[in-house]
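Given next are the chains, with one letter for each unit.
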Amino acid sequence: MLFMVIEHFDQTRVKDVYARFQHSGRMAPAGVRYVESWVSADLGRCFQVMECDDVALLQEWVLQWNDLVRFEIVPVSTSKAAAAAITKTD
């Protein structure tokens, strides 16, 4: 499954977030695959697409960062997959 992970950063801790990432990497457990990410212009949010089959693995990952980041996790599908599901005929 794909998940849009929206990370909300405390503006006073952005440098701490990037310092931890430089030192420790993403710290995602095996089974969680990073797809792509984008950062808002004000550095207040990061939008990441992650892939995994077990949401508990995402929860494990969140616990590695929850002292610096507030997470919003939304299951998503590609537009192509959604269009195929919507237009599927029986």
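In case you missed it, the structure is sitting above this.
About the criteria used
- Residues numbered from 1 in each chain as written.
- Predicted model: local features only at pLDDT ≥ 70, side-chain atom pairs only at ≥ 80, totals over all residues.
- Heavy atoms only, no water.
- Helix = DSSP H or I, 4+ residues; strand = E, 2+ residues; numbered from the N terminus.
- Buried < 20%, exposed > 50% of the residue type's maximum accessible area, 1.4 Å probe, protein only.
- Contact = heavy atoms within 4.5 Å.

**Thoughts on the environment of Q64**
- Tracing the sequence through the fold places Q64 in the loop between α2 (55-63) and β4 (69-76).
- Residue Q64 is classed as partly exposed on the basis of its relative accessible area of 39%.
- For the pair formed by Q64 and A28, sequence separation is 36 residues and the distance between their alpha carbons is 8.4 Å.

**Examining unusual backbone geometry**
- With a phi close to 65°, M27 is a non-glycine residue in the positive phi region.
- Topologically, M27 is positioned in the loop between α1 (14-24) and β2 (33-39).
- Notably, L43 is not glycine yet its phi reads approximately 65°, a positive angle.
- Its location among the elements puts L43 in the loop between β2 and β3 (45-51).

**Topic: the environment of L57**
- Take L57: it is sitting in helix α2.
- Taking C-alpha positions, L57 is 29 Å from I86, a pair spaced 29 residues apart along the chain.
- Beyond its immediate stretch of four places on either side in the chain, L57 contacts P29, A30, G31 and V32.

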